[in-house]
Every structure is written in structure tokens, then in C-alpha cells.
Amino acid sequence: VGFKLILLSVRAAQHRRFNTSAASPVSSRRHKFLVEDMVKFSDHKVTPMQARVLVFASHAHSQWQREKLILALKYRIIILGVIFQYFHNVASNVAYFLHIPREPLFDVGFAIFPSLSYKAQIGSDVLFCLLLFSTICFGFSPFMFPSRRVYATQMLARFVAVCVLAQCLRVITFFVTTLPAPNYHCRPDSPVYNPPKTVWDVFLRQDGFHGCGDLVFSSHSMFAVLCALTVQKYSSSIIMKVVWWVVVFALGLLVVAARKHYSLDVIIAWYTLPLIWIAYEFHFPDKLPKEFEFEDSIDPEDYHYLQEDSEMRIQVHADLETERCASDPDSSRSCRKSERKRDK
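Procedures and definitions
Residues numbered from 1 in each chain as written. Predicted model: local features only at pLDDT ≥ 70, side-chain atom pairs only at ≥ 80, totals over all residues. Heavy atoms only, no water. Phe/Tyr/Trp six-rings, centres within 6.5 Å; stacked < 30°, edge-to-face > 60°. Helix = DSSP H or I, 4+ residues; strand = E, 2+ residues; numbered from the N terminus. Buried < 20%, exposed > 50% of the residue type's maximum accessible area, 1.4 Å probe, protein only. Lys NZ or Arg CZ within 6 Å of the ring centre and 35° of its normal. Axes fitted to C-alpha atoms, helices over the stretch in contact; angles between N-to-C directions. Parallel < 35°, antiparallel > 145°, perpendicular 65-115°, else oblique. Left-handed = near helix turned anticlockwise from the far one by under 90°. Contact = heavy atoms within 4.5 Å. Nonpolar A, V, L, I, M, F, W, Y, C, P; charged D, E, K, R; others polar. Disulfide = S-S within 2.5 Å. Salt bridge = Lys/Arg side-chain N within 4 Å of Asp/Glu carboxyl O.

Draft legend 1. Quick look at the packing of aromatic side chains. For the coordinates displayed, the defined rule picks out eight aromatic pairs. Relative to F223, the ring of F128 lies with its centre 6.4 Å away and its plane at 75 degrees, an arrangement referred to as edge-to-face. Taken together, the residues F128 in helix α5 (residues 122-139) and F223 in helix α8 (residues 219-234) connect sequence positions 95 residues apart. Looking at F223, the relative accessible area reads 17%, which means it is buried. Centroid distance F174 to F175: 5.2 Å. Interplanar angle 75 degrees. Geometry classified as edge-to-face. Stacked on the ring of Y234, the Lys or Arg K233 has its end atom at 5.5 Å from the ring centre.

Here it is in C-alpha cells:
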């Protein structure tokens with residue numbers, strides 16, 4: 001019963017327009033007015049905190065309805081990216097199998113930065129996980145902020161596509177030339193050196209932090225730069241963009257100090273990923289489904305309400321199509337065709 005009351009309250013708030021002459025496009029003010037409207041006019045007693053939660057939940061639901069339309073166009077890329085992670089892991093295991101323990105090569109980064117101890121290496125892993133987790137949280141931001149016309153599925157599809165292209169280049173580079181790995185567990189006489197010994201190890205071992213031989217270019221730096229490029233494209237906050245790029249730079253220094261990669265591996269990742277990103281964006285720009293095209297012709301003051309309910313959006317689309325047909329007699333044939341399709 002309580003759940004039904006919540007749905008009734010949300011539905012009532014969705015279809016009730018508030019009366020104000022100073023409506024602001026900022027989502028926080030719109031939510032404030034909508035919360036006050038729900039508390040004032042709802043048939044059931046709702047506290048301001050409950051109303052605020054219900055408004056955000058309602059927006060998250062309507063956002064998911066739009067995300068599903070984009071997912072119908074992008075799901076092949078996402079599935080391909082998930083499957084390719086397995087093949088990339090197999091390639092890393094093969095590189096570990098082919099690796100021969102030797103003393104590390106001379107590196108300017110090694111000469112500048114003091115080496116971290118084997119136990120202190122976890123610092124780079126912690127920073128990498130924090131950066132990745134923060135980017136995932138940013139990916140879910142469209143469900144929380146209705147004023148941002150970005151979509152989580154678009155971000156995920158572009159991230160995965162560029163990641164697959166970069167990993168293809170990475171597999172080619174570390175297969176054609178095997179460098180002596182500088183990490184502690186990859187050196188001669190290391191007690192923890194444990195390469196794959198059987199075919200089953202090559203195909204089934206899953207360890208992204210203790211491999212050897214898959215150096216050029218750095219996988220840590222690759223994912224870090226991808227996270228920064230995603231925030232750079234889809235975020236409107238300059239502070240967030242600066243913070244992400246600073247963390248990418250700091251992570252690169254930590255990776256070198258932890259002797260997980262040569263400076264060569266990090267620098268190549270820093271300029272290869274942006275080039276792949278720019279090329280992919282040039283040939284495959286973001287495209288929204290046709291169902292979203294009518295939103296550009298709607299007044300911005302009404303957009304907040306129209307995006308809350310899919311049924312209302314469909315009705316507005318039909319009204320706009322009817323108005324276009326009435327104003328353009330030459331398109332009567334196409335209008336009748338679209339009307340029959342809509343009725344069907």
C-alpha cells in the first residue's frame with residue numbers, strides 16, 4: 001500500500017505544473033519547486049525529504065527509459081568490448097609465458113624517481129581504482145542531474161569502443177617486441193615469478209596486476225587516460241576535468257616509481273589514447289535515436305516536464321507532427337502514412 005501511495009504521489013507531481021514567473025533552467029531550483037508542489041498538492045501526506053527522494057527516483061526512471069533507446073543502438077559495441085576483455089587477458093598471459101626474466105633496461109624515469117618498495121606498490125593500484133570508481137560514478141550522473149543532456153549509455157559505448165581499439169594496438173606492440181619487465185616479481189631469481197605453465201593457465205588465469213611482458217603500452221595509463229577523456233567530453237565542470245588530468249599525471253609517475261612500467265610505456269599511452277579518441281569521434285560522432293529529435297523544438301521551460309513522462313513525450317511528438325502536416329499541404333501523403341503507422 002505504501003508503495004502504491006508513492007507511485008500515486010509521483011504521478012500527481014509529474015502532471016501538475018507549478019505557477020511561477022521566474023523559472024530557472026537549473027535543475028536544483030526546478031526540483032525545489034516540484035518538491036514543494038508535491039508536498040502541497042499530493043493527496044497523501046508526504047514530507048519534503050520523501051518528496052525530494054521521489055522526484056529524483058522519478059527522474060531516474062524516465063532517464064532509464066531514454067537510456068534503453070540508446071542501448072538498443074549501442075549494445076553490440078558494449079558486448080564486443082566485454083568479450084574482447086577475455087581475449088586481451090589471454091594475450092597478456094601469452095606474453096607472460098614468452099617473457100624471459102632479465103635485468104631491467106636503463107630508464108630516465110627510474111633514474112629520477114626513487115623506487116617504491118614491493119609493498120608500497122599498492123599505492124598506484126589504490127589511486128587507479130579510485131580514479132576508475134570515480135569515473136563510474138560520473139557515468140551514473142545523468143540519472144541524478146536532469147539538466148544535463150548526456151547519457152550513460154553513450155559514455156559507456158564510446159569508452160568501450162576506444163578501449164577495444166587501444167587494446168588491439170597494445171596486443172600488437174607487446175607481441176612484436178618483448179622487453180624485460182622491470183617489476184620486482186618479473187626479475188631473475190624472484191621467488192614470486194609464476195608464469196603460465198599449461199594451456200589452461202593461458203586461457204583461464206585472471207590477474208591484471210601481476211603479469212610480465214605486456215609492457216608497451218601501459219594498461220594502467222590507458223584506462224586512466226580513457227577516464228579523463230570521458231570526463232573531458234561529457235562533463236561541464238572545469239574543476240573535474242583538471243582534477244582528472246592531474247590524477248592521470250600523478251598515476252603515471254607512481255607507475256614508473258613502482259617499477260611496473262618503463263617511462264616509455266606511460267608516455268606512449270598518454271599520446272596514443274587521445275589520438276584514437278579524436279579519430280573515433282571524427283568518424284563516429286554521438287547520435288541520438290530519432291525519438292529524441294523533437295526535443296530540440298520544445299521550449300526549454302517545458303523540457304523538464306516533458307522528459308519526466310514517456311507518454312507525454314509521445315503525445316507531444318504526435319501534436320508536433322500534426323501541426324507540421326497542417327502547415328505543409330505538400331506532405332499530406334507522408335503525413336497519412338505516418339498517421340497510419342502511429343495508429344497501428
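Draft legend 2. Representation of the packing of α8 against helix α10 (residues 263-283). Where α8 meets α10, the closest approach of the two axes is 9 Å, and the angle between their N-to-C directions is 40 degrees. Relative to α10, the element α8 is oriented oblique. Where α8 crosses over α10, the two elements pack in a sense that is right-handed. Only V266, A269, W270, L273, P274, W277 and E281 of α10 make contact with α8, whose side of the interface consists of S221, M222, V225, L226, L229, T230 and K233. Grouping the constituent residues of the contact of α8 with α10 by class yields ten nonpolar, two polar and two charged.

Draft legend 3. Broad picture of the environment of S134. Among the structural elements, S134 can be located in helix α5. Separated by 93 residues in sequence, S134 and C227 have C-alpha atoms that sit 9.0 Å apart.

Draft legend 4. Representation of the state of the cysteines in the model. In this structure the tally under the stated criterion is one disulfide. Here C186 is linked by a disulfide to C212, with a sulfur-sulfur distance of 1.8 Å. Since a negative S-S torsion denotes a left-handed disulfide, the C186-C212 link at about -85 degrees is left-handed. Here C186, found in the loop between α6 (152-176) and α7 (199-204), pairs with C212, found in the loop between α7 and α8; they are 26 residues apart in sequence, far enough to count as distant. Per residue, the accessibility class of C186 equals that of C212, and both read buried.

Draft legend 5. Representation of the pattern of salt bridges within the structure. Summed over all chains, the structure comprises four salt bridges. Here K260 ties to D125 by a salt bridge, and the two come within 2.3 Å at their closest N and O atoms. With K260 in the loop between α9 (238-257) and α10 and D125 in helix α5, the pair connects residues that are 135 residues apart, well separated along the chain. K260 sits in the buried class, given a relative accessible area of 9%.

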